[in-house]
Structures are given as structure tokens and as C-alpha cells.
Amino acid sequence: MKTPPPIERLVANLKRLPGIGEKSATRLAFFLLSAPDTLVTELADAMTRMKQEIVLCSECFDLTEVSPCSLCQDERRDPALLCVVEEPADRAAVERTGGWRGRYFVLGGALSPIDGIGPENLRIAELEARARSGTLKEVVLATNPNAEGDATAHYIAERLRPTGLRLTRIAYGMPMGGDLEYADHVTVGRSLKNRQELS
Amino acid sequence: MKTLHTEALLLRSVDVGESDRILHLLTPRTGRLTVVAKGARRSKKRFPGTLDFFNHLRVQVERRRPTSMPQLQLARLERTFDGIRRESRRFALGCYLLELLDRLSPEGGRAGDLKALFDFALGSLTLLDETRPDAALRTLLELQALDALGLRPELGRCVRCGTPIGAARSRGSSGSGGQSSAAALGFHIADGGPVCCAEPGEMLLPVHAGTLRALEGGLRLGLPQLGRLSLGGQALAEARALVGRFLRFHVGIELRSEAFLEERLTPAGAGGRLAHRDSNADSNARRA
Ligand SMILES: [Zn+2]
Ligand SMILES: [Zn+2]
């Protein structure tokens, strides 16, 4: 049996979403088809309104309804400490720890020359301007600990070195609940290198 | 292939579906090999942080049916090239080499050739891990990459008549501009070598015999010694133009990683315009 074109069209559109393959797209399409009309209109409305109401914070470039965002306006957060992350989800992950009392800066990704993503595609110039504004003391580079995230952190450090700011990189180590025997030797090696004094 | 155990380097990684990755690997057994790593974005057990660029891996690949894409079963880390991640010039050139190998590596071929290609890839990453590259090293690595890919240009004799370059009487462009030196030869990009007996009006890249000899010397050196060959001034500008254009001719497009590499490694000299063999042809071209 041939799928009617309206269903096909929705499936084709859902497949453009990240992580959605043919199977999931078809399942979602048939779910929406049998769902109450209100669910479908609310979903469509929520998507449209999100697109209209979410803006980028002018300070940290995180997603927000008001710019500057509530975090950037929070006077209790130390404006001299800046944590640089790749994506908004990474900022949320750091914030969930409850251990960071400084501000954030969202780069918008990592350097990925093989995919054609260079410094001009990230907010590196904006970060440089921020670093030269005179309010900062330390920049923590919290990009992902993979080849591209590491390279991005080092590239930013090369660019910011003339500012004389303290430049730090998040530590690598064994995951909590991890097992030395099953960890790859890069992780184990880095954990050893980044070992700490027992007090 | 049913089960393949081999060394590998990651050339490209593309996320697909909900949790999988399609990987382009370079192996000494198969050349370029496209595999799917099922659950690679979820399972930290099977591929614990190993599927990353600049990692020397040992992999197990299985192909269930001849028509299906081979699956990556295991990837163990042999060594990492951390130095490449820690300095932007190394990273830029490292990415560029991976992209180049991804574009031009054959899928299958003679065992000896495939092994040599893998050895080149591994050797160049080892070199970059320890050395901060400049435009000269970039040029020599590109040339060695072309050689390892079976695309070595002719540097010693005329590609038309076979006359050795030292013996050929160079016929520099006469009169008009007076810019090109009388000792300059011409290199034919598509023919892949110098030409001493060109037809009037042929588009050739001006190059001195000394530059060709320096490049030939660069091909004889082992990768660890490559940094010792000094290439500067006009020779570097000519070598960059020659290798750059020759490589572009074979790749067909500008590599995505080239812009970042250019930003990090600006060559000492510019140069490398295609020149006509004589003033007559020059004026013809201007009219056209
Ligand atoms: Zn903000
Ligand atoms: Zn000739």
C-alpha cells in the first residue's frame, strides 16, 4: 500500500530532525494522525511561539526570553569569572552542578575544519571583545574533551593570551563510578596527570 | 571480508539516525573503509572515548552480508596524538591531511601500496604531534601525501620529451613584462611535470630547476627528517604554488579545512600565477 502524500510529507519533514530516522518519523506521524486535534494544534503553536519568543542573550549568547538573561543580570554571580561552553545544553550541564558562581559564554560549537567550521563561525571575536572589556579575571574553557573541543580551547587560549587573563581548562579524569580496568588508557593517563593532593 | 582485525585512523565521522555514526577509516589492509558504528553516541563501553580524530586505533570490523555496510565491533586505542590538539597550526594541518586522505584514498588496492599509505598517515601525525608546522613543512607533507596516494608529480625530467631538467635549456619568457627570470621553467599541472619543449601559448606555472630539485629532495627524506629541509623565499613561493595547484587539480574542489589552514599558516611569499610562454601568446590571451 502506498502512503498518502500528506503523511509522506510529514515523515519527510520529521526525518530532518536530529536523531530521527525513517522508523521513528513514521511512528510519530501515525501517532499524530490518531491524536486529538488539540494536541496537534498545541504542538504546532508551541513550535511557532518558541521560534518567535526565544532570542540570544546579548551577553552570554545563551537562549532566553529576555536579553540579557536572568543569569547575566544576577548580581550575585561573579562577573570576573567566565565559563566558556560550546552549546546551551553544556551551560545547563555546568549549572546543574551548582558549583559555578561565575558567568557563562556560549560559543555556538567547536572548531571543526573538516566540516568547514572555522573561528569565524563561532563567537570567538565576541569572546575576545569580552576578554578585553576589563571586567574579567579568569576564563574557564569548558569545551568538550574531544579532539575538536580540545583544539578549540587551545585556539582560544592562543588568542586570549595577550590579555594576561588567567586561562584554565576543565580537568579530565575518571568518571564517577568508573572502573580503572575498563577505562581507556587516555582517560587513565590523564587522570594520573591531573592527580590531586589528598588533604 | 567477514571479520577484519586491523589498525585504523579516523578520517571522518558523521552522526546518523538516533545513536549511530558512519565513520571513514583509513586502514593498512583496505585503504579507505566506510563502517557504521552502531550505538557509538550512546555506548561508552564498546567505544570508550576512542572514536576521535588523531587516535591510532585497533579495530574489529564485521560484514554480515556482502551488500551491507561493514559494522565496527570494537575500537581499542593504540596511541593518541595529543600534541596535535594543543596547538592550532598542528590541528589545522592535521585536519587538512585527514580531509585530503578522505578525499583521495582508494578503497582497496595493492597490499604494499595500502600499507605505505597508512604508514604515511601515521608518520605524518607522529611528526605533527611533535613539530609545529610552517608553510614549508605543509608543502612537503602535501607532496609526500601525493606520493603515498600514487599521484607523485614528475620533478626530474620534461614530461613531453624526457630531457633531464638540469640539461634542458630553459626558455624563459621573452621581452614583454620582463618579470620572470630567464632561468624559469614551466610546470604543466594537468600533465604533472615540467615541460621544456612547450608550444607557444601553453599555460605553465613558472618554476626554477632549483625548486624542483628541492622538492625531489623532500620526497627522498623520511617523515621524521622532513622538518630539516629548508625551503624559503622564492623556492617556497614556487613550491607552494606548484604543489597547491597540482593537489587542487587532483582533489577537484577546495577542501573545507583549507580556509582555517590558510589562516594559521600564511606562506612567506605569494606568487604562483600561471604565465604564458611568450609575449605573443600573452597578448592573445589578453585579447580573448
Ligand atoms: Zn546571558
Ligand atoms: Zn621537453
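Look a little higher up for the structure.
Residues numbered from 1 in each chain as written. Chains lettered and ligands numbered in written order. Predicted model: local features only at pLDDT ≥ 70, side-chain atom pairs only at ≥ 80, totals over all residues.

Chemist: How should the overall build of chain A be read in this particular structure?
Modeler: Each helix and strand counted, chain A has 8 helices and 6 strands in total. When the helices and strands of chain A are placed in sequence order, the string is α-α-α-β-β-α-β-α-β-α-β-α-β-α. Taken over the C-alpha trace, chain A has a radius of gyration of 22 Å; the compact-globule value for 199 residues is 16 Å, which it surpasses by more than 25%. Each principal axis of the C-alpha atoms in chain A carries an extent, and together these give about 65 × 45 × 35 Å. Split into buried and exposed, the 199 residues of chain A put 23% on the buried side. Residue pairs in contact within chain A that sit at least 24 positions apart in sequence constitute 47% of those at least 6 positions apart. (Helix = DSSP H or I, 4+ residues; strand = E, 2+ residues; numbered from the N terminus. Rg over C-alpha atoms; globule rule 2.2 N^0.38 Å. Buried ≥ 20, exposed ≤ 12 C-beta atoms within 10 Å, placed from the backbone. Contact = placed C-beta atoms within 7 Å.)

Chemist: I would appreciate a short explanation of the interface of chain B and chain A in the present structure.
Modeler: Residue-level contacts link 25 residues of chain B with 20 residues of chain A. Counting residues per element, the side of chain B that touches chain A draws most heavily on helix H2 (residues 88-104) of chain B, at 7 residues. Here the residues of the side of chain B that touches chain A sort into 11 nonpolar, 6 polar and 8 charged. (Nonpolar A, V, L, I, M, F, W, Y, C, P; charged D, E, K, R; others polar.)

Chemist: Help me understand the packing of H2(B) against helix H3 (residues 111-130) of chain B, please; the structure alone is not making it clear to me.
Modeler: The relative placement of two packed helices is expressed as an angle between their axes plus a distance between the axes. All names here are of chain B. Relative to each other, H2 and H3 sit at 170 degrees, their axes nearing to 10 Å. Taken together, the axes of H2 and H3 are roughly antiparallel relative to one another. Contact residues: Arg 90, Leu 93, Gly 94, Leu 97 and Leu 101 in H2; Ala 121, Ser 124, Leu 125 and Leu 128 in H3. For the contact of H2 with H3, a count of residues per class yields 6 nonpolar, 2 polar and 1 charged. (Axes fitted to C-alpha atoms, helices over the stretch in contact; angles between N-to-C directions. Parallel < 35°, antiparallel > 145°, perpendicular 65-115°, else oblique.)

Chemist: Help me understand the sheet that holds strand E3 (residues 78-85) of chain A, please; the structure alone is not making it clear to me.
Modeler: For sheets, the rule is that strands pair by backbone hydrogen bonds, running either parallel or antiparallel. Residues and elements named next belong to chain A. As summarised here, the arrangement of the 4 strands in space is E4-E3-E5-E6, forming an open sheet in which the pairing is parallel. In the strand order of this sheet, the two ends are held by strand E4 (102-106) and strand E6 (166-169), each with one partner. Put simply, the sheet's adjacent strands are angled 25 degrees from each other on average, direction ignored. With 4 bridges connecting them, E3 and strand E5 (residues 138-141) associate as parallel partners. Along E5, the bridge assignment pairs Cys 83 with Val 140. Seen against the sheet, helix H7 (residues 147-160) touches E3, E5 and E6 and runs at an angle of roughly 160 degrees to E5. (Pairing = 2+ DSSP bridges.)

Chemist: Honestly, the environment of His154(A) in this entry has me stumped. Any pointers?
Modeler: Along the polypeptide, His154(A) turns up in helix H7. Contacts of His154(A), omitting those with residues within four sequence positions, involve Arg85(B), Arg86(B), Glu87(B) and Ser88(B).

Chemist: Is there a simple way to think about the pairing of strand E4 (residues 55-62) of chain B in this case?
Modeler: Residues in a regular strand point their side chains to alternate faces of the sheet. Residues and elements named next belong to chain B. The alternating pattern of E4 places Asn 55, Leu 57, Val 59 and Val 61 on a buried face and His 56, Arg 58, Gln 60 and Glu 62 on a face that is not buried. With 7 bridges connecting them, strand E1 (residues 3-16) and E4 associate as antiparallel partners. Each residue of the ladder has a partner; that of His 5, found in E4, is Gln 60. In the sheet, E4 pairs with strand E5 (residues 71-80) via 8 bridges, with the strands oriented antiparallel. Counterpart to Val 61 in the pairing with E5 is Leu 72.

Chemist: Sorry if this is basic, but what is going on with the environment of Ser19(B) here?
Modeler: All names here are of chain B. Secondary-structure assignment places Ser 19 in the loop between E1 and strand E2 (20-27). When the 15 C-beta atoms within 10 Å are taken as the criterion, Ser 19 is described as partly exposed. Taking C-alpha positions, Ser 19 is 14 Å from Leu 72, a pair spaced 53 residues apart along the chain. Not counting chain neighbours up to four residues away, the residues in contact with Ser 19 comprise Gly 39, Arg 41 and Arg 42.

Chemist: Is there a simple way to think about helix H3 (residues 37-53) of chain A in this case?
Modeler: In an α-helix there are 3.6 residues to a turn, and that puts residues three or four apart on one side. Taking 1.5 Å as the rise per residue, H3(A) with 17 residues should run 24 Å; its terminal C-alpha atoms sit 24 Å apart, in good agreement. Among the 17 residues in H3(A), 0 count as buried, and that is only a small part of the element. (Expected span 1.5 Å × (residues − 1).)

Chemist: Looking at this structure, how should I read the nonpolar core?
Modeler: The nonpolar side chains of a soluble globular protein tend to be buried with one another. Counting residues in hydrophobic clusters, the biggest one holds 108 residues, and the most contacted among them are Val84(A), Phe105(A) and Leu25(B). Residues lining this core come from more than one domain, with at least three contributed by each of domain 1 (3-82) and domain 2 (134-288) of chain B. Those residues within four positions of Phe105(A) in sequence are excluded, and the remaining contacts are Cys60(A), Phe61(A), Leu82(A), Val84(A), Leu127(A) and Arg130(A). (Core = buried A, V, L, I, M, F, W, Y, C linked by C-beta atoms within 7 Å. Domains from an automatic or database assignment.)

Chemist: Any chance you could explain unusual backbone geometry here in plain terms?
Modeler: Peptide bonds are mostly trans, and most non-glycine residues show a negative phi. The peptide bond linking Ser67(A) to Pro68(A) adopts the cis configuration, its omega dihedral lying at -5 degrees. Following the sequence through the fold, Pro68(A) ends up in the loop between strand E2 (63-64) and helix H4 (70-73). Of note, the phi angle at Phe61(A) is positive, near 65 degrees, even though the residue is not glycine. One non-glycine residue, Phe54(B), adopts positive backbone phi at about 60 degrees. You can see Phe54(B) is positioned in the loop between strand E3 (31-37) and E4.

Chemist: Honestly, H7(A) in this entry has me stumped. Any pointers?
Modeler: In this model H7(A) runs 20 Å from its N-terminal to its C-terminal C-alpha over 14 residues, within 8% of the 20 Å that 1.5 Å per residue would give. Along H7(A), the residues that are buried comprise Ala147(A), Glu148(A), Gly149(A), Asp150(A), Ala151(A), Thr152(A), Ala153(A), His154(A), Tyr155(A), Ile156(A) and Leu160(A). Elements that come into contact with the buried residues of H7(A) comprise E3, helix H6 (124-131), E5 and E6 of chain A together with helix H1 (82-85) and H2 of chain B.

Chemist: Whenever I open this one, the pairing of E3(A) confuses me. Can you help?
Modeler: Residues and elements named next belong to chain A. Two elements, E3 and E4, share 5 bridges in a ladder whose sense is parallel. Within E4, the residue paired with Val 84 across the bridge is Phe 105. With helix H5 (residues 88-96) bridging E3 and the parallel E4, this β-α-β connection has right-handed handedness. (Right-handed = clockwise from strand over helix to strand, strands pointing away.)

Geometric values such as these leave the question of function open.
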